[in-house]
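Each chain is listed here by its residues.
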Amino acid sequence: MAVTMAQAINQALKDAMSADDRVLMFGEDVGRLGGVFRVTDGLQEMFGEERCFDTPLAESGIIGTAIGLAMYGYRPIAEMQFDGFTYPAFEQIVSHLAKMPNRSRGTVKLPVTVRIPFGGGIGAVEHHSESPEAYWAHTAGLKVFTPGTPEDGYSMMRESIESDDPVIFLEPKRRYWMKSDQQLPVTTQPAREAVVRREGTDVSVFCYGPMVRTALEAADAAADEGWSLEIVDLRSLAPLDTASIVASVKRTGRAIVVHEAARNLGLGAEIAARIQEGAFYHLEAPVLRATGFDTPYPPAKLEEYWLPDVDRILDAVERSLAY
Amino acid sequence: MSEPATEPSAPTDRPDGAEEVDPLTFLPADEPVHLVDADGTYHEDPDHPLDLTDEQLRELYRLMVVTRKVDREAINLQRQGQLGVYASCMGQEAAQVGSAYALGTDDWIFPSYRELGAALVRDVDAAGLLHLYRGTWLSDHDPYKHNFALMAIPIGTQALHATGFAMGARFDGKPIVAMTYFGDGGTSEGDPHEAMTFAGVMKSPVIFFVQNNQYAISVPLAKQTAAPTLAHKAIGYGLPGRRCDGNDVLATYAVTKRAVERARAGHGPTFIEAMTYRMEAHTTSDDPSRYRTKEELDAAALTDPLARMRNYLTKRDLYDAELEAAIDEQAKATATYVRAGIYDAPHGDPMELFDHVYTDPRGHFEDQVEQLRAELEGAGDAEGQG
């Protein structure tokens with residue numbers, strides 16, 4: 001029976017809450033409604049109102065109380081309803097969630113998972129399609145995971161909840177309905193390991209979250225042109241699996257980074273820097289990026305012109321190969 | 001007193017399960033609770049009976065004296081270049097000691113950066129606390145040993161941690177209360193308001209203890225809020241707002257004690273505004289002569305919380321030269337201990353910078369660990385050659 005990404009994450013939450021009664025799930029509309037994307041569907045029914053509950057509509061409050069609950073000994077999972085609404089919680093995440101374990105010399109552990117549906121492509125209204133991952137990846141003390149498949153949605157969520165470090169878990173909302181025939185539970189590779197989704201010989205394409213499927217589609221189209229793309233799903237944005245990135249570039253000699261987030265100081269900049277440090281003499285062309293533009297996220301009717309797609313990736317491939 | 005003898009918490013038929021109470025009882029009384037005059041005269045208040053032994057009354061005074069002495073020593077250490085900065089709590093000893101003393105040993109405190117008095121009630125190593133200000137590390141006490149969280153510098157943010165902790169205690173069925181301290185300036189930040197919203201809805205056993213010391217650095221209370229009092233804000237969140245004379249250690253104790261009992265009985269949070277005065281600068285980097293007058297300071301000195309408690313003890317025949325000598329000796333010993341712990345205290349191994357960022361740091365910064373190690377070895381070699 002096919003399972004969607006949203007169902008896989010939902011199953012991971014259920015299994016984690018069954019396995020450990022210290023695991024709590026809370027946020028806006030996650031209880032009775034089951035979340036605006038239904039990712040927490042059925043949890044309150046199964047585990048009661050003290051383990052899956054609706055909070056007042058206050059994102060800083062959600063993260064700040066998650067910190068207090070974690071200090072008490074719980075393992076909170078906090079949902080931010082949308083990417084663009086994480087900013088009220090920015091201070092609690094950056095100044096406390098990320099720093100408190102270090103400030104306390106490891107005495108205080110904060111095993112908090114922050115779930116954030118992120119990215120665009122669903123025709124949403126303003127503030128509902130953002131890609132804020134660089135903020136979190138830039139912040140020492142946070143791990144940042146994003147699944148590109150339903151299998152990873154399950155396995156990486158379980159890993160996040162079990163992590164004693166705080167994890168920002170970015171759920172690619174346009175892929176919530178992506179299906180897999182995989183039986184759950186499933187354990188995939190540890191999140192810190194990048195995975196080669198498709199082997200290739202001409203160009204390495206580094207992607208994550210919602211762009212994994214787009215990059216795989218680009219690889220299909222590229223094959224028609226006679227180009228062989230290697231698709232690497234990064235999975236963890238902090239830490240980055242530098243060794244796998246460099247190894248792939250050493251195989252192909254060319255690299256393209258794909259993300260929805262704006263290009264300027266996005267993950268692509270860091271990945272390009274690591275590639276030139278680790279595989280300088282193997283590069284046949286500059287590292288190129290296929291990303292969103294350095295503008296605010298566009299209105300829904302214009303997002304198809306803004307978001308990287310198969311054509312933008314293939315254009316980058318062509319430019320790389322032309323070097 | 002216009003407040004009811006017991007805090008309201010009547011069961012109700014409301015569909016959302018919330019309690020039906022007369023919201024007006026959540027408003028603060030016209031005057032802050034005040035039990036002891038400046039000359040030590042005690043006024044009985046049936047709503048706030050004293051349940052302290054003679055020994056405990058002396059202990060409250062002792063804690064305040066030790067707090068002031070260590071506080072002064074910290075200022076001296078800063079003047080001597082031993083601390084980068086220090087935020088004094090002079091004048092706020094009664095507010096801190098009285099409130100912290102009302103908690104049980106299993107209860108938790110979530111402080112800001114000015115809570116030396118509350119820390120000393122919890123027997124937190126005062127020299128350790130000052131490492132934050134010296135810059136040797138960011139904290140130096142085990143929060144779980146003292147039930148005293150790390151000092152929070154971003155204003156008011158700790159109110160949410162206390163609220164979450166209290167939510168956890170309630171879920172866990174444990175009679176644990178969390179108390180958080182912030183100031184009059186803190187009531188303008190967003191987080192305390194979100195905390196009160198959560199605490200009200202969740203009926204968290206948490207106490208929001210506001211030390212209204214009249215200033216947020218240089219900005220006086222009148223520019224901080226147009227509310228009649230800070231305690232009036234509480235009713236908007238469904239919390240009782242209470243006020244007390246924050247320079248009267250018995251009043252801060254009694255009002256907090258009542259809030260603790262209310263929280264422990266499952267009736268939820270309380271907001272307390274303690275009226276006090278910051279007798280020192282905001283921090284050692286501040287110059288208060290730019291924004292307040294000598295006349296104002298002289299007037300504030302008349303409300304000094306230590307003198308008041310000493311006068312009270314004297315009237316009760318609980319204070320004599322022998323006690324004075326013993327307390328002074330202890331205060332000096334603690335200050336000496338703090339000085340010894342801080343003066344020229346070395347920082348730790350720079351490699352520790354990487355040790356606590358993650359419990360599982362794999363992949364995060366191995367090359368940087370090696371880089372710093374090499375830099376340290378290089379520096380060592382250079383010294384060796386010199």
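Keep in mind the model is a prediction, meaning the values are calculated, not measured. (Residues numbered from 1 in each chain as written. Chains lettered and ligands numbered in written order. Predicted model: local features only at pLDDT ≥ 70, side-chain atom pairs only at ≥ 80, totals over all residues. Heavy atoms only, no water.)

Re the layout of surface pockets
(1) Moving on: Considered as a void within the structure, the largest pocket measures approximately 1000 Å³ in volume.
(2) Moving on: Lining the largest pocket are 39 residues; nearest its centre among them are Ala137, Glu270 and Arg274 of chain A together with His364 and Gln368 of chain B.
(3) Moving on: Elements with a minimum of two residues in the lining of the largest pocket: helix H5 (100–103), helix H6 (133–137), strand S12 (236–238), helix H9 (242–252) and helix H10 (267–278) of chain A together with helix H12 (366–385) of chain B.
(4) Moving on: It is H10 of chain A that contributes the most residues to the lining of the largest pocket, six residues altogether.
(5) Moving on: Looking at the lining of the largest pocket, its residues break down into 22 nonpolar, nine polar and eight charged. (1 Å grid on protein atoms, 1.4 Å probe; cavity = no way out; pocket = protein on both sides within 12 Å on 5 of 7 lines; lining within 4 Å. Points joined across faces, edges and corners; volume = space filled by probe spheres on them. Helix = DSSP H or I, 4+ residues; strand = E, 2+ residues; numbered from the N terminus. Nonpolar A, V, L, I, M, F, W, Y, C, P; charged D, E, K, R; others polar.)

Details of unusual backbone geometry
(1) Moving on: Cis peptide bonds are those with omega within 30 degrees of zero, and the linkage from Leu184 of chain A to Pro185 of chain A qualifies with 0 degrees.
(2) Moving on: For Pro185 of chain A, the position within the fold is in the loop between strand S8 (179–180) and strand S9 (195–198).
(3) Moving on: Following Ala238 of chain A, the chain continues to Pro239 of chain A via a peptide bond in cis, the omega torsion being 0 degrees.
(4) Moving on: Residue position: Pro239 of chain A is located in the loop between S12 and H9.
(5) Moving on: Its identity is not glycine, yet Gln214 of chain B carries a phi of approximately 80 degrees, on the positive side.
(6) Moving on: Structurally, the position occupied by Gln214 of chain B is in the loop between strand S3 (206–212) and strand S4 (215–216).
(7) Moving on: The exposure class assigned to Gln214 of chain B is partly exposed, which follows from its relative accessible area of 21%. (Buried < 20%, exposed > 50% of the residue type's maximum accessible area, 1.4 Å probe, protein only.)

Some details on the interface of chain B and chain A
(1) Moving on: Each partner contributes to the interface: chain B provides 43 residues, whereas chain A provides 44 residues.
(2) Moving on: Between chain B and chain A the total buried area reaches about 3700 Å² when both faces are included, carbon and sulfur atoms providing 59% of it.
(3) Moving on: Counting across the chain B and chain A interface gives three salt bridges.
(4) Moving on: Asp360 of chain B is paired through a salt bridge with Lys143 of chain A; the nearest N and O atoms lie 4.0 Å apart.
(5) Moving on: Scanning the region where chain B abuts chain A turns up 23 residue pairs in polar contact (both at pLDDT 80 or more).
(6) Moving on: Tallying contributions element by element places helix H6 (residues 158–172) of chain B first for the side of chain B that touches chain A, with 10 residues.
(7) Moving on: Among the residues forming the side of chain B that touches chain A, the class breakdown is 23 nonpolar, 11 polar and nine charged. (Contact = heavy atoms within 4.5 Å. Buried area = accessible area lost by both parts, 1.4 Å probe. Salt bridge = Lys/Arg side-chain N within 4 Å of Asp/Glu carboxyl O. Polar contact = N/O pair within 3.5 Å; in protein donor to acceptor, adjacent residues only side chain to side chain.)

Points about the packing of aromatic side chains
(1) Moving on: For the coordinates displayed, the defined rule picks out 29 aromatic pairs over all chains.
(2) Moving on: Taken together, a centroid distance of 6.1 Å and an interplanar angle of 85 degrees make the contact between Phe82 of chain A and Phe85 of chain A edge-to-face.
(3) Moving on: On the basis of an interplanar angle of 65 degrees and a centroid distance of 6.5 Å, the ring pair of Phe182 of chain B and Phe208 of chain B is categorised as edge-to-face. Highlighted residues: Phe182 of chain B in strand S2 (residues 178–183) and Phe208 of chain B in strand S3, separated in sequence by 26 residues.
(4) Moving on: Three or more aromatic residues joined by ring pairs form one cluster here, namely Phe26, Phe53, Tyr72 and Tyr74 of chain A together with Trp108, Phe110, Tyr144, Phe165 and Phe171 of chain B.
(5) Moving on: Cation over ring: Arg292 of chain B sits above Tyr215 of chain B, and NZ or CZ is 5.3 Å from the ring centre. (Phe/Tyr/Trp six-rings, centres within 6.5 Å; stacked < 30°, edge-to-face > 60°. Lys NZ or Arg CZ within 6 Å of the ring centre and 35° of its normal.)

Some thoughts on the environment of Asp83 of chain A
Residues and elements named next belong to chain A.
(1) Moving on: Among the secondary structure elements, Asp83 is positioned in the loop between strand S4 (75–79) and helix H4 (90–97).
(2) Moving on: Distance in space between the C-alpha atoms of Asp83 and Met1 is 31 Å, their sequence separation being 82 residues.
(3) Moving on: Of the polar contacts made by the side chain of Asp83, one reaches the backbone nitrogen of Gly119; its length is 3.1 Å.
(4) Moving on: A distance of 3.3 Å separates a polar atom in the side chain of Asp83 from the backbone nitrogen of Ser129.

Quick notes on a negative patch on the surface
Residue and element names in this part refer to chain A.
(1) Moving on: On the surface, Asp29, Glu49, Glu50 and Asp54 cluster together into a patch of negative charge.
(2) Moving on: Position of Asp54 relative to the elements: it lies in strand S3 (residues 52–54).
(3) Moving on: On the accessibility criterion, Asp54 (35% relative accessible area) is partly exposed. (Patch = residues over 30% accessible without salt bridge, like charges linked within 9 Å, V, L, I, M, F, W, Y side chains within 5 Å. Areas by Shrake-Rupley, 256 points an atom, 1.4 Å probe, with all protein chains shown as cover. Lys, Arg positive; Asp, Glu negative; His and termini not counted. Charge placed at Lys NZ, Arg CZ, Asp CG, Glu CD.)

Section: the nonpolar core
(1) Moving on: One finds Met71 of chain A together with Phe208 and Phe271 of chain B to be the most contacted residues of the largest nonpolar core, which totals 79 residues.
(2) Moving on: Residue contacts for Phe271 of chain B: discarding those within four places in its chain leaves Phe182, Thr187, Met196, Phe208, Val210, Leu230, Ala231, Ala234, Leu239, Pro240, Gly241 and Arg242 of chain B.
(3) Moving on: With 70 residues, the next largest nonpolar core counts Ala100, Val121, Ala127 and Ile207 of chain B among its residues. (Core = buried A, V, L, I, M, F, W, Y, C linked by side-chain atoms within 4.5 Å.)

Describing the pattern of salt bridges
Residue and element names in this part refer to chain A.
(1) Moving on: Scanning the entire structure with this criterion turns up 35 salt bridges over all chains.
(2) Moving on: A salt bridge links Asp20 to Arg22; its shortest N-O distance comes to 2.9 Å.
(3) Moving on: For Asp20, a relative accessible area of 18% corresponds to the buried category.
(4) Moving on: Glu171 is paired through a salt bridge with Arg115; the nearest N and O atoms lie 2.6 Å apart. Placement of the pair is Glu171 in strand S7 (residues 167–172) and Arg115 in strand S5 (residues 113–118), with a sequence separation of 56 residues.
(5) Moving on: Residue Glu171 is classed as buried on the basis of its relative accessible area of 0%.
(6) Moving on: On the accessibility criterion, Arg115 (0% relative accessible area) is buried.

Looking at the domain arrangement of chain A
Residues and elements named next belong to chain A.
(1) Moving on: Segmenting chain A into domains produces domain 1 (3–180) and domain 2 (195–321).
(2) Moving on: Each of domain 1 and domain 2 has a C-alpha centre, and the two are 26 Å apart.
(3) Moving on: With 27 residues of domain 1 at the contact, the number on the domain 2 side is 22 residues.
(4) Moving on: Across the interface of domain 1 and domain 2, roughly 1900 Å² is buried in total on both sides, 56% from carbon and sulfur atoms. (Domains from an automatic or database assignment.)

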